[in-house]
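Structure assessment
Spelled out, the chains give:
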Amino acid sequence: MDTPLPDNLQGLMTHLRGLGVRLRADGDRLALDAPKGAIDADLATLIRRYKDDLLRTVARAGEVRATGSGIPAAAPAESYPLSAAQQRLYFTALLDPEVTTYNILDVFRIDGPADPDRLERTLRAMVDRHEGFRTAFDLRGDDPVMRVLPDVAFHLERVRAPEFTPERSGEFVRPFELTEAPLLRAWWVEVRTDLSYLITDKHHLVFDGGSRAVFARDFVRAYLKEETPPLALGYKDYAVWQADGDGPEIRRMGAYWDEVFAERVDDPATVARAHPELWGTPPQRAHLDLGANTVEAVRRLCRERGSSLPMFLQAVWHTVLHGYSGQREIVVGHPVDVRAGAGLEGQIGLFVNTVPILSRPRPELPFMEYAQEIRDRIIAGLDNGRFPYDTVVDRASARRNVKEDPLVDAFFNVSHADGAGASPWERIGLREVPGDPRASLPELPCLACRFDLTLSVIELPRAIRLALECVTSLIDEKTVRGLTEALGEVVERVLADPGVTLGELVATHRPADRASEG
């Protein structure tokens, strides 16, 4: 397989749609219509693991169609509106146009003789295929717009540097001029005749984490001159669809979120509010590894209760946040790739959105019932995940003020460790340089966080890592470590007694207890 299999429901559905697989419910049986050879043994095992979650999603949607698209093509125009995520990022980038925070750098090693002319032709083909690379951004009055150019010049810069090492790749990064396309640069750096590097730099306005797999696949196909189906839609079509709040699908999604946040719990004793002046201070980090035996025990419990490991761990995260804050309402942001089910699976662009998962923990509620409530909210949230998060915030808050009434308390993210699975780059003799200097994709700034606290669930070869990061100084190092330890304690207590209640779980993690430790 070209890419590692996902370990979350949204990723699995995106993967299946990309393979042309159609799902339907036949009573309590999940039926699959798939092209010959699309489903191998590993994917079949993964589908069985998520069977109940897939059945619930299909039941809500009626039928998940791999080729279905709720997004029409936009009418030709001189310029188009930005998506909600682009608008947020665009104005942030304008505040300091000289920073390179949103430059996305990837480095590839080439062992043996290289053909820079062929690399340049391939990159030009990528610019021709993906309109994001041919997009420039302007202000028309107070409104940002994108202009999609029919063609742009692209050249691969060639450098002879015998002393070059991948650690020096950052020296090539410089700010993009957003009014000029392409928002893609590349360098071929020759160290010696049998060793060179390809470096690509993209702006986050036209490239996100999900774009990496698409870029790899299309680059390799273009390099090998393999036939590639044309793209029916472009990013501008998605942006126009999102801006049209009167479309039937967008109205349905908006009505769902209006219902979710129709009533807000009066929580006067919430934890510290967001302080933007503290953002950018050195982050506090801690992590905890769940061993293979613990992970298998959790998976077994999830199978028995009709859930999945990521959904279970998100319920653990909600529980710990409730225990530390004492809040009666917890909202955790869940980043999603909105390409799924919209005919956008082959697109490069900024398709990240935040799905706010709300829960109202009650002391008498058994944890596994609470986890099932959160599971149902996650599935429903993903079904409505293309609705712009900023619009959810605007509708949920009478007055959007990040110092007084942010919507999301923290974030939850699922990812894979570097190096998992085979890479499509190997087909053409390129090897990705892992880790630094290929920094992780920059997060979109979240102006709606009470404190910018993120739990990342990272699948390692024989373990699951729970990595906690706080990027403000609102929470000290000792508290971050305590939160991380509490995650492990909740997991172990639930495994020992699946009937344990939330009140019992949070009894040792009350705010007063943690405050006294400081």
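Rules and cut-offs
- Residues numbered from 1 in each chain as written.
- Predicted model: local features only at pLDDT ≥ 70, side-chain atom pairs only at ≥ 80, totals over all residues.
- Heavy atoms only, no water.
- Phe/Tyr/Trp six-rings, centres within 6.5 Å; stacked < 30°, edge-to-face > 60°.
- Helix = DSSP H or I, 4+ residues; strand = E, 2+ residues; numbered from the N terminus.
- Buried < 20%, exposed > 50% of the residue type's maximum accessible area, 1.4 Å probe, protein only.
- Lys NZ or Arg CZ within 6 Å of the ring centre and 35° of its normal.
- Pairing = 2+ DSSP bridges.
- Axes fitted to C-alpha atoms, helices over the stretch in contact; angles between N-to-C directions.
- Contact = heavy atoms within 4.5 Å.
- pLDDT = per-residue confidence, 0-100.
- Salt bridge = Lys/Arg side-chain N within 4 Å of Asp/Glu carboxyl O.
- 1 Å grid on protein atoms, 1.4 Å probe; cavity = no way out; pocket = protein on both sides within 12 Å on 5 of 7 lines; lining within 4 Å.
- Points joined across faces, edges and corners; volume = space filled by probe spheres on them.
- Nonpolar A, V, L, I, M, F, W, Y, C, P; charged D, E, K, R; others polar.

1. Re the packing of aromatic side chains
Inspection of every chain in the model, using the stated rule, returns 19 aromatic pairs. Between Tyr235 and Phe351, the aromatic rings sit 4.9 Å apart at their centres with planes inclined by 65 degrees, giving edge-to-face as the arrangement. Taken together, the residues Tyr235 in helix H7 (residues 235–243) and Phe351 in the loop between strand E11 (330–337) and strand E12 (352–359) connect sequence positions 116 residues apart. Neither Tyr235 nor Phe351 differs from the other in exposure class; each is buried. Through successive ring pairs, a cluster of aromatic residues spans Phe108, Phe133, Phe207, Phe215, Phe219, Tyr223 and Trp425. Stacked on the ring of Phe176, the Lys or Arg Arg185 has its end atom at 3.8 Å from the ring centre. For the cation-ring pair, Lys202 lies above Phe215, with the distance from its terminal atom to the ring centre recorded as 5.7 Å.

2. Observations concerning the sheet that holds strand E14 (residues 430–432)
As a general point, the strands of a sheet are linked pairwise by backbone hydrogen bonds and lie either parallel or antiparallel. Spatially, five strands are ordered E7-E8-E9-E4-E14 in an open sheet, and the strand pairing comes out mixed. Taken across any chain shown, the strands that pair with only one partner, and hence form the sheet edges, are strand E7 (157–160) and E14. Each neighbouring strand pair of the sheet contributes to a mean axis angle of 25 degrees, computed without reference to strand direction. Across nine bridges, strand E4 (residues 103–111) lies against strand E9 (residues 195–203) in antiparallel orientation. Across the sheet, Ile110 pairs through a bridge with Ser196, a residue of E9. Contacting E4, E7, strand E8 (184–192) and E9, helix H5 (residues 116–129) runs over the sheet at an angle of about 165 degrees to E8.

3. Considerations on the sheet that holds strand E6 (residues 143–148)
With antiparallel pairing, the three strands of this open sheet are ordered in space as E3-E6-E5. What marks the edges here is a single partner per strand, and that holds for strand E3 (80–81) and strand E5 (135–140). Two elements, E5 and E6, share six bridges in a ladder whose sense is antiparallel. Following the sheet pairing, Arg140 is matched in E6 by Asp143.

4. Some points on the confidence of the model for the protein
Predicted coordinates in areas of low pLDDT are best not read in detail. Averaged over all residues, the pLDDT of the protein is 80; the fraction at 70 or higher stands at 77%. In the model, residues 268–279 has pLDDT below 50 throughout and makes 32 contacts with residues more than four positions away in sequence or in other chains. Predicted confidence for residues 512–518 stays below pLDDT 50, and this span has eight contacts to residues more than four positions away or in other chains.

5. Side note on the pattern of salt bridges
If charged atoms from side chains of opposite charge come close, those side chains can pair. Within the structure shown, the criterion is met by 34 salt bridges. Between Arg158 and Glu120 there is a salt bridge whose closest N-O contact spans 3.5 Å. One end of the pair, Arg158, is in strand E7; the other, Glu120, is in helix H5, and 38 residues separate them in sequence. Under the relative-accessibility criterion, Arg158 is labelled partly exposed at 40%. Exposure remark for Glu120: the relative accessible area of 11% places this residue in the buried category. A salt bridge links Glu364 to Arg362; the nearest nitrogen and oxygen atoms lie 4.0 Å apart. Since its relative accessible area comes to 30%, Arg362 is described here as partly exposed.

6. A short note on empty space enclosed by the protein
Counting across every chain of the model gives six cavities of 30 Å³ or more. For the second largest cavity, the calculated volume is near 60 Å³. In terms of lining residues, the second largest cavity is bounded by 13 residues, among which Gln86, Gly132, Thr135, Val206 and Tyr235 are the most central. Among the elements of the structure, E5, E6 and H7 are those that each provide at least two residues to the lining of the second largest cavity. Residues belonging to the lining of the second largest cavity are distributed by class as follows: seven nonpolar, four polar and two charged.

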